Amino acid sequence: MDNNKSIETLVKTETIRKRVVSVDASKDEKVKTITMTDGPLIPKKGEKHLMTSWRITFFIALALLLGLVIFKPDPYREIFIVCIKGAPVTFEVTICAIIGAVFIGVFTGLGSVSKHHIINMISGVYVEFIRGIPLLVQLIFIYYALGRFFHIEGMIAAIIALSICFGAYMGEIVRAGIQAIPKGQMEAATALGLTRTQAFIYVILPQTAKVILPAIGNEFISMLKDSSLVSQLALADILRKGREYISRTFLSLETMLVVALIYLILTLVLSRLVGLLEERLHKNG
Amino acid sequence: MAKIEIKNLSKDFVANGIKTVHAVKNASLTVNDGEVVVIIGPSGSGKSTLLRSVNMLETPTSGQIFIDDIEVTDPKTDLRKVREEVGMVFQSFNLFPHLTVLDNITLAPRKVLKMDKASAEKLALELLEKVGLKDKAKSHPNQLSGGQQQRVAIARSLAMNPKAMLFDEPTSALDPEMIKEVLDVMLALAKDGTTMLLVTHEMGFARAAADKVVFMDSGEIIEEGSPEEMFTHPKSERTKSFLDHIL
């Protein structure tokens, strides 16, 4: 449906694919803007160019990794086995933190569309704070703060820290998603006698969820990559396992090659899955 | 059923922070119990703004609105309660696309009137029968034609058993062949004695069902009268030229 498409574009442009730099040539000379967006490129059936580059990258990465492990088992097989042991931690942190981030994001998003000025300001300030501080700095800061004042152990502290950091971006996604729902929906709901809260719960948010699902998928992939930062926090994720191996064997280049390939393959698979999800949502209107 | 009274209502919009647009200027209008009042006029004349003020979807700049002697414009009035009792039908239907037709209708009775699921669904099916769409209960809005969607929207409003109904250009977004099915439902409502305030371009409906026709132009109510008077002997020149254009 046309309507849905425009909503999705709105959410996408309003949120965050910072990686893709595009110049909007349709606008007139003076207001030409360069928009930076974030997140991995999501290959979809319609976009042939992207799909091709996705395929090429994926098969090169896979062939390289398999080739190294099979034909040069020393040292690559051992490196691979050591590093992949970190994958459960990476996934655990990422999955738990994305759930936390969505949770925080829903409240932040609702806060930023709230008519209540103070709530509005709180979520605004939170978003500004988070966006202005490098992720690694935030992570370490929150991690130590949680450890000192609440005595929370490593894994959970890392998950909370990542949730707080990504919650701000998620809040922006939720806000854009809510604002993308036509005004008439809220009007119709309140005209029927529902309170604003009821209207949000039963009418606005279920529609928002569908609109922002692909964006959450993007965030998931970004988070999978950024979760490598938790290796700074003594969590045995993929990167950490690799670095531990380096400190034992000094095979730094070989190890990092494997680590990079593992991350690359994971994100490529996930980005295709998000692409499929998007296609599916499109089909169902 | 209810009586709607609009007294000296004005609504200003501030466009781009500087230019003020007077959408409605000092309009007064009464819809008596069981009456059907149709507001006509060129686009941009403030008809919709006036109508939307009745359940406060637009907050008037000045003036008062009473529904059954309860002042809607009073900040102390519980707006939610007022809206519960006044049904509204929109030009763009505004059905909830993620819910089935049945759930669209039962949502408000269940959540606002705390009706249990079974009786809400029974009510919904009765209303769907009334608008001729009983077989569409399990469909989603995007599987229906515009006319069907608007009939569902009417049923959805009726499920709250409103004292009065507001219609904001209910047939303007419809293909010509679908207008009649919606108008038939509206005519039936009017015959039942529902208090109705409408903005519409359907002069045929106004002629057939309206007790009073109100002509608005550039935010002002120019004249009002029975459809007979208005359509055959309009007093004002502006009414006359508007009617000449559309009839």
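Residues numbered from 1 in each chain as written. Chains lettered and ligands numbered in written order. Predicted model: local features only at pLDDT ≥ 70, side-chain atom pairs only at ≥ 80, totals over all residues. Heavy atoms only, no water.

Asker: What should I look at first to understand the overall build of chain A in this one?
Answerer: A tally of helices and strands in chain A yields 11 helices and 2 strands. Ordering the α and β elements of chain A from the N terminus gives α-β-β-α-α-α-α-α-α-α-α-α-α. The buried share among the 285 residues of chain A stands at 48%. If you sum the accessible surface of chain A, you get close to 14,900 Å²; carbon and sulfur atoms cover 68% of it. (Helix = DSSP H or I, 4+ residues; strand = E, 2+ residues; numbered from the N terminus. Buried < 20%, exposed > 50% of the residue type's maximum accessible area, 1.4 Å probe, protein only. Areas by Shrake-Rupley, 256 points an atom, 1.4 Å probe, with all protein chains shown as cover.)

Asker: Teacher, can you tell me more about the UniProt feature "domain: ABC transporter" (unreviewed entry) in chain B here?
Answerer: According to UniProt, the "domain: ABC transporter" (unreviewed entry) feature falls on residues 4-243 of chain B. For the annotated span residues 4-243 of chain B, helix accounts for 37% and strand for 27% of the residues, and the straight-line distance between the end C-alpha atoms is 26 Å. (UniProt positions renumbered as here; feature names shortened; annotations may be inferred.)

Asker: What exactly am I supposed to notice about the interface of chain A and chain B here?
Answerer: Interfaces are frequently sized by the accessible area removed from exposure as the parts join. Listed as interface residues are 18 residues of chain A and, on the opposing side, 23 residues of chain B. Taken together, the two surfaces of chain A and chain B that pack against each other cover about 1,700 Å², and 64% of this comes from carbon and sulfur. The interface formed by chain A and chain B contains 1 salt bridge. For Glu187 of chain A, the salt bridge identified is with Arg52 of chain B, shortest N-O distance 2.6 Å. Connecting chain A to chain B are 6 residue pairs in polar contact (both at pLDDT 80 or more). Here the element with the most residues in the side of chain A that touches chain B is helix α8 (residues 183-191) of chain A; it accounts for 7 residues. Taken together, the residues of the side of chain A that touches chain B break down into 9 nonpolar, 8 polar and 1 charged. (Contact = heavy atoms within 4.5 Å. Buried area = accessible area lost by both parts, 1.4 Å probe. Salt bridge = Lys/Arg side-chain N within 4 Å of Asp/Glu carboxyl O. Polar contact = N/O pair within 3.5 Å; in protein donor to acceptor, adjacent residues only side chain to side chain. Nonpolar A, V, L, I, M, F, W, Y, C, P; charged D, E, K, R; others polar.)

Asker: Got a minute to help me understand the UniProt feature "domain: ABC transmembrane type-1" (unreviewed entry) in chain A in this structure?
Answerer: According to UniProt, the positions carrying the feature "domain: ABC transmembrane type-1" (unreviewed entry) are residues 87-274 of chain A. In residues 87-274 of chain A, the share of helix is 86% and the share of strand is 0%. The end C-alpha atoms are 20 Å apart.

Asker: I tried to follow the sheet that holds strand β8 (residues 195-199) of chain B on my own but got confused; where do I start?
Answerer: By definition, the strands of a sheet pair up through backbone hydrogen bonds, in either a parallel or an antiparallel sense. Residue and element names in this part refer to chain B. With mixed pairing, the 6 strands of this open sheet are ordered in space as β6-β7-β8-β3-β9-β10. Edge positions in the sheet fall to β6 (86-89) and β10 (220-225), since each has one partner strand and no second. Taken over all neighbouring pairs, the strand axes of this sheet differ in orientation by 15° on average, direction set aside. Relative to strand β9 (residues 212-217), strand β3 (residues 36-40) runs parallel, the two being bridged by 4 bridges. Within β9, the position partnered with Ile40 by the bridge is Phe215. Those strands touched by helix α5 (residues 146-158) are β6 and β7 (164-168), and its axis lies near 170° from that of β6. (Pairing = 2+ DSSP bridges. Axes fitted to C-alpha atoms, helices over the stretch in contact; angles between N-to-C directions.)

Asker: For this particular structure, what's the right way to read the UniProt feature "transmembrane region" (unreviewed entry) in chain A?
Answerer: Residues and elements named next belong to chain A. Residues annotated by UniProt as "transmembrane region" (unreviewed entry) correspond here to residues 54-71, 91-113, 125-146, 152-171 and 250-274. With 90% helix and 0% strand, residues 152-171 has end C-alpha atoms that lie 25 Å from one another. The distance from the first to the last C-alpha atom of residues 250-274 is 37 Å, and the span holds 92% helix and 0% strand.

Asker: Even after reading the chapter, I still don't get the pattern of salt bridges, so can you show me in this structure?
Answerer: Side chains that carry opposite charge are capable of pairing whenever their charged atoms lie near each other. Scanning the entire structure with this criterion turns up 16 salt bridges over all chains. The salt bridge partner of Lys122 of chain B is Glu126 of chain B, with a shortest N-O separation of 3.6 Å. Taken together, the residues Lys122 of chain B and Glu126 of chain B, both in helix α4 (residues 117-130) and 4 residues apart, mark about one turn of the helix. In this structure Glu126 of chain B comes out as partly exposed when scored by relative accessible area, which is 45%. For Lys134 of chain B, the salt bridge is made with Glu129 of chain B, and the minimal N-O distance between the two is 3.5 Å. Accessibility expressed as a relative area gives 41% for Lys134 of chain B, which makes it partly exposed. If you follow the salt bridges from partner to partner, you end up with Glu187 of chain A together with Arg52 and Glu58 of chain B in one network.

Asker: Honestly, the pairing of β9 of chain B in this entry has me stumped. Any pointers?
Answerer: Across a regular strand the side chains alternate sides, sitting on one face of the sheet and then on the other. Residue and element names in this part refer to chain B. Burial runs high along β9: 6 of the 6 residues are buried. A two-sided burial pattern is seen for β9, the buried positions comprising Lys212, Val214 and Met216 on one face and Val213, Phe215 and Asp217 on the other. Note: β9 against β10, 5 bridges, orientation antiparallel. Residue pairing in the sheet places Asp217 in a bridge with Glu220 of β10. If you look at the hairpin formed by β9 and β10, you'll find 2 residues sitting between the two strands, and Ser218 has a positive phi there, around 35°.

Asker: Any chance you could explain the layout of surface pockets here in plain terms?
Answerer: In this approach a probe as big as a water molecule rolls over the atoms, and the regions it shows empty are the leftover space. The calculated volume of the second largest pocket comes to roughly 580 Å³. Looking at the second largest pocket, it is lined by 20 residues, and the ones nearest its centre are Lys115, Lys183, Met186, Glu187 and Arg196 of chain A. Of all the elements in the fold, those that place two or more residues in the lining of the second largest pocket are α7 (154-180), α8 and α9 (196-226) of chain A together with α2 (79-85) of chain B. (1 Å grid on protein atoms, 1.4 Å probe; cavity = no way out; pocket = protein on both sides within 12 Å on 5 of 7 lines; lining within 4 Å. Points joined across faces, edges and corners; volume = space filled by probe spheres on them.)

Asker: Is there a simple way to explain a nonpolar patch on the surface in this structure?
Answerer: Residue and element names in this part refer to chain A. A contiguous nonpolar patch, built from Met121, Val125, Phe129, Ile133 and Val137 and spanning about 480 Å² of accessible area, is present on the exposed surface. A total of 3 residues in the nonpolar patch trace back to one element, the largest contributor, which is helix α5 (residues 117-132). Checked against the element boundaries, Val137 lands in helix α6 (residues 135-150). Since its relative accessible area comes to 46%, Val137 is described here as partly exposed. (Patch = residues over 30% accessible without salt bridge, like charges linked within 9 Å, V, L, I, M, F, W, Y side chains within 5 Å.)

Asker: So what exactly am I meant to see when it comes to helix α3 (residues 73-84) of chain A here?
Answerer: The α-helix advances 3.6 residues per turn, and as a result positions three or four apart in sequence lie on the same side. Residues and elements named next belong to chain A. Taken together, the buried positions of α3 are occupied by Pro75, Tyr76, Ile79, Val82 and Cys83. Taken end-on, α3 shows its buried residues confined to a sector of 135°, consistent with a single buried face. Tucked inside the fold, the buried residues of α3 contact α2 (48-71), α4 (87-113), α10 (238-249) and α11 (252-283). (Arc of directions from axis to C-beta.)

Asker: So what exactly am I meant to see when it comes to the packing of aromatic side chains here?
Answerer: How two aromatic rings sit relative to each other is given by the distance of their centres and the angle of their planes. One pass over the full model with this rule turns up 6 aromatic pairs over all chains. Between Phe58 of chain A and Phe59 of chain A, the ring centres sit 5.4 Å apart and the planes meet at 70°, which makes this aromatic pair edge-to-face. For Phe58 of chain A, a relative accessible area of 12% gives the class buried. Take Phe59 of chain A: its relative accessible area is 48%, and that puts it in the partly exposed class. In this structure an aromatic cluster arises from ring pairing among Trp54, Phe58 and Phe59 of chain A. Here the guanidinium or amino end of Arg156 of chain B rests over the ring plane of Phe96 of chain B, the centre of that ring lying 4.4 Å away. (Phe/Tyr/Trp six-rings, centres within 6.5 Å; stacked < 30°, edge-to-face > 60°. Lys NZ or Arg CZ within 6 Å of the ring centre and 35° of its normal.)

Asker: How should I be thinking about the nonpolar core in this particular structure?
Answerer: Soluble globular proteins: nonpolar side chains tend toward being buried together. Residues and elements named next belong to chain B. Among the nonpolar cores identified, the biggest contains 83 residues, and Leu50 and Leu197 are the most heavily contacted of them. Not counting residues up to four positions away in its chain, the partners in contact with Leu50 are Ile6, Leu9, Val24, Ala27, Leu29, Ile39, Met216 and Ile221. Core analysis: the next-biggest nonpolar cluster, separate from the first, contains 46 residues, Ala124, Ala155, Ala210 and Val213 among them. (Core = buried A, V, L, I, M, F, W, Y, C linked by side-chain atoms within 4.5 Å.)

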